[in-house]
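Coordinate analysis (summary)
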Amino acid sequence: MRSRHALPVTITSLALALLLAAPAGAVGGGGTNTGTQSGSHGKDIYASATYSRIKVRQVSGPTGGKRGNLSSVDVNWKPPACWYEPVFTGEELKGFVDRTDGNGDVGIHESWFGKGLWTDHYRDGKPENNFDDASSTAVGYKHYNIGKDGYFWRSVAPDAGDPQSWDCGRIMFWQDAGEVPRIPHAPTPRMLAEYAYNQVKVPDTEIELKPETRSTVNLPTWVWLDKGTFRDIKVRAELPHTNLWAETTAKPVALHLEPGTDDATTYPASGDCTINKDGSIGTPYKQGDAEKTPPCGVTYLRATDGRPYQLKASITWQITWQGSDGSDGDLPDGTFETTQDMNVQEIQSINR
């Protein structure tokens, strides 16, 4: 029995969140999925269109500690909503049909329940309509194309509820080995770079302050970041059986401060502290600097009354990418923000 559904019945949204806190090496083990899966772990092939086989790993940059995902500064930017990727060889498809009850996805929004249509179309050569266009006929296959070198490709969607995921409406189709299909939403290095954007994990913005725990009205608080903490982070995304890959690099370029109150002055006035040539931000406080103007910092003009100000510090990361075919480009800058309590006391002098 075929099910074509406006909202997926057995699919939940895929959370594209690979754990990149591990040292350089494979991350995620060969695919991501938080939705319902058919099949079993190990060598079996999953039958869910929310399961991607894209492999992601961090190849350079700091690791360990608290880390988080970037937020794009372009609120309209979105990662790919859907694409196609190789799923089964002919032998693997036959094994799936023989080994299971046949329940699985032939596309993002089209599930087949039972073995009938798997065998009709992929074994016995009967044509089927593509889901995106009922007048578009998909030619059938004989005996799962066993003996031919290639793969059956299927659409994949990180979020099957995304309206744009309906753009990938072909039912699973065959592509000879070593070839990428020339169809809309076929994978490209840029698509892999955009996919990897959401996999970049950056360090928490743990700024250093002087004074450390309590500021004083009308005296500047110095802010700086160690040069060893914020370095370029490079993530590589590869799609098996396609020779396609992309490396997405996040480079820290600025720190922005928001003091958490209008009764404050930031340095510089914009609150944007640039990255120094050595990779550090700001200048560490030295004895005797108490009344100097810091290159990066904040002066609070009013004391707190038991409720601390929320000092926000956000790093802007510049995103670039390079692909397996020599292509490259830019993606929207990303930001990562942390907040910390700032207590301010009403004392005009302090030994620092």
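It should be emphasised that the depicted structure is a prediction, and the values quoted were computed from it without experimental measurement. (Residues numbered from 1 in each chain as written. Predicted model: local features only at pLDDT ≥ 70, side-chain atom pairs only at ≥ 80, totals over all residues. Heavy atoms only, no water.)

1. A closer look at unusual backbone geometry
Counted only if it meets this: Only DSSP runs of H or I reaching four residues or more are called helices, and only runs of E reaching two or more are called strands; each is numbered from the N terminus. A simple rule labels every residue: compare its accessible area, found with a 1.4 Å probe on the protein chains alone, to the largest value its type can have, and call it buried under 20%, exposed over 50%, or partly exposed in between.
Along the chain, tyrosine 267 connects to proline 268 via a cis peptide bond; the corresponding omega equals -5°. Structurally, proline 268 can be placed in the loop between strand E18 (264–267) and strand E19 (272–274). A positive phi angle, close to 70°, is found at histidine 185, a residue other than glycine. When you line up the elements, histidine 185 lands in the loop between strand E11 (173–176) and helix H3 (189–197). Given a relative accessible area of 34%, histidine 185 falls into the partly exposed group. Non-glycine residue asparagine 218 carries a positive phi angle of around 70°. By the element assignment, asparagine 218 lies in the loop between strand E14 (214–216) and strand E15 (220–224). A relative accessible area of 44% places asparagine 218 in the partly exposed class.

2. Things to note about the sheet that holds strand E10 (residues 150–156)
The following threshold applies: Two strands pair under a simple rule: DSSP has to find at least two bridges between them. Angles run from 0 to 180 degrees between N-to-C directions of axes, and those axes are lines fitted to C-alpha atoms, restricted for helices to the stretch in contact. Here, residues are in contact when the closest pair of their heavy atoms is within 4.5 Å.
Taking strand neighbours across the sheet as the criterion, the three strands line up as E5-E10-E11 in an open arrangement whose pairing is antiparallel. Here the strands that pair on one side only, and so sit at the sheet edges, are strand E5 (83–88) and E11. With direction set aside, neighbouring strand axes in the sheet form an average angle of 45°. Seen against the sheet, helix H1 (residues 90–99) touches E5, E10 and E11 and runs at an angle of roughly 75° to E5.

3. Description of the confidence of the model for the protein chain
Fine structural detail should not be taken from predicted coordinates in areas where pLDDT scores are low. Short version of the rule: Scored between 0 and 100, pLDDT is the confidence that the predictor attaches to each residue.
Taken residue by residue, the protein chain gives an average pLDDT of 83. The fraction at 70 or more is 84%. Predicted confidence is poor over residues 5–44, with pLDDT under 50, and the contacts of this stretch with residues over four places away or in other chains come to 94 contacts.

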